[in-house]
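# Structure at a glance
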Amino acid sequence: MQTNLTILGVTGSIGSTCLDLLRQNPGEFVLKGISANTSVQKMAAIVLEFRPEFIHLMDENSALELKSMLPEHKIECGMLSLLDWLGRSEMEIVLAAMVGNVGLRPVLQALNSGKTVALANKETLVSAGHLVKEALSQNPVARIIPVDSEHSAIHQCLRGENYNEIENVILTASGGSFRTYSLEMMQTISPADACKHPNWDMGAKITVDSSTLMNKGLEVIEAHWLFDIDYDQIQVVVHPQSIIHSLVSFVDGTVMAQMGNPDMMAPISYALNRGTSRSMLKSMKRLELTKLARLDFEEPDLLRFPNLKLAYDAGKIGGSTPCVLNASNEEAVARFLAGQIGFLDISRINQRIVEKHASVSNPGLDDILFWDEWARNQARQAS
Ligand SMILES: NC(=O)c1ccc[n+]([C@@H]2O[C@H](COP(=O)([O-])OP(=O)(O)OC[C@H]3O[C@@H](n4cnc5c(N)ncnc54)[C@H](OP(=O)(O)O)[C@@H]3O)[C@@H](O)[C@H]2O)c1
């Protein structure tokens, strides 16, 4: 049977990999809806290839431009029309692959209308994990299957396991492009340097986050919510080869690891199959164990990469603090990419804004949106 699918963030790195997956497995999925922000040319090509029913750009001017290119198609724009589609459509799976906290309301809407969300958009769980959990508990058919390779690995390690028997969840981190840099060398890192990742081909924001270890920090908070696990039971280990995607240790001292070559096709496929079956992925490079020279592991250095500690601390404080950290980081990374601030300023700004914020416990959606905007403004003005 075919599964109906909507992809949010269809023009991005995850969205494009998902489209490749659909091309490789014709007949498994029907692409019902697509959404992006401003990438008009890419959207036009996707529409002509896949003929989705719902075509959406968040940005109004870009939607008008797309309409002029595709006059016979209805083009929607803005948040409300996206929420309306997610609420009313018959589709079973939503791949949430837009970047940033803009994903929060669409993800909540998809869950509230009983969809399975294949979640790449980790910022949503970081900002408002408690609201996502609430939506899941109020809608028993709704589900989240993680797309992040680390959380997909943990999900796979935990299939059929008793969660009470988990000792620790161990997230692996590549360490990013500047793993061996001194603080002095980090002062001159350019946006172009930070947009290159040694193992993964990803969007700009997550690539910079990987290089500051903020991505791993966001993943720690994501793991806390996805697997109901205490922060003290979540460890991070740097593994530069990115072959082991993550691990779980159990109370009997055994450890389960999930391995593979670094390619997002596999975790996307696992999530679209709801973690219950696997598609044939011919394009996935097979792991040849005898050709692996070595697998290395090291402790993350929190002095050179303070964002990781900031995320652990924000997660433990909870309430509105993770939302503030995430929003500050989104703006700081945007400013770094625009050449306005240096690489080390990202974590410095994040720390200052989190320290300025008095955490609000159990924030509702309006509170989250308020503190998100507050932190963005602070980060835009920070010198
Ligand atoms: N890339 C990876 O390998 C990877 C791995 C694990 C998790 N993730 C997570 O997946 C998410 C997407 O990452 P990515 O690397 O695919 O990012 P990306 O390549 O930068 O793509 C981002 C997508 O989000 C859309 N978007 C941006 N701003 C938007 C807005 N305001 N409203 C609606 N859509 C918007 C973009 O549309 P336009 O093209 O129109 O701007 C694009 O389709 C992130 O949360 C990331 O942390 C990514």
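Here, every reference points to the structure presented above.
Residues numbered from 1 in each chain as written. Predicted model: local features only at pLDDT ≥ 70, side-chain atom pairs only at ≥ 80, totals over all residues. Heavy atoms only, no water.

## Examining the packing of helix α14 (residues 321-337) against helix α16 (residues 365-381)
Running from N to C, α14 and α16 point in directions that differ by 35°, and their axes come no closer than 8 Å. Between α14 and α16 lies a crossing whose hand is right-handed. Side by side, α14 and α16 meet where C323, V324, A327, S328, E330, E331, A332 and R335 of the first sit next to I368, W371, D372, W374, A375, R376, A379, R380 and Q381 of the second. For the contact of α14 with α16, the per-class residue count stands at 9 nonpolar, 2 polar and 6 charged. (Axes fitted to C-alpha atoms, helices over the stretch in contact; angles between N-to-C directions. Helix = DSSP H or I, 4+ residues; strand = E, 2+ residues; numbered from the N terminus. Left-handed = near helix turned anticlockwise from the far one by under 90°. Contact = heavy atoms within 4.5 Å. Nonpolar A, V, L, I, M, F, W, Y, C, P; charged D, E, K, R; others polar.)

## Quick notes on the packing of aromatic side chains
Tallying each qualifying case throughout the model produces 6 aromatic pairs. Ring centres 4.9 Å apart and planes at 55° place the aromatic pair F178 and Y181 in the tilted group. Relative accessible area serves as the criterion here: at 25%, Y181 is assigned to the partly exposed category. One aromatic cluster is present, built from ring pairs that chain together F178, Y181, F336 and F343. (Phe/Tyr/Trp six-rings, centres within 6.5 Å; stacked < 30°, edge-to-face > 60°. Buried < 20%, exposed > 50% of the residue type's maximum accessible area, 1.4 Å probe, protein only.)

## Quick word on helix α11 (residues 214-227)
Working note: α-helix, 3.6 residues per turn, so residues spaced by three or four point in the same direction. Compared with the 20 Å implied by 1.5 Å per residue over 14 residues, the 20 Å span of α11 between its first and last C-alpha is a close match. Across the 14 residues of α11, 13 count as buried, placing the element largely inside the fold. (Expected span 1.5 Å × (residues − 1).)

## Things to note about the site of the ligand
The local shell around the ligand holds 24 residues, among which T11, T38, S39, E123 and G203 are the closest. A distance of 3.5 Å separates an oxygen atom of the ligand from a polar backbone atom of A120. When contributions to the shell around the ligand are tallied by element, the ones reaching two or more residues are α1 (13-24) and α6 (122-138). Each residue belonging to the shell around the ligand can be placed in one class, and the counts come to 12 nonpolar, 9 polar and 3 charged. Taken domain by domain, the makeup of the shell around the ligand includes at least three residues from each of domain 1 (3-146) and domain 2 (151-262 + 297-381). (Near = heavy atom within 4 Å. Polar contact = N/O pair within 3.5 Å; in protein donor to acceptor, adjacent residues only side chain to side chain. Domains from an automatic or database assignment.)

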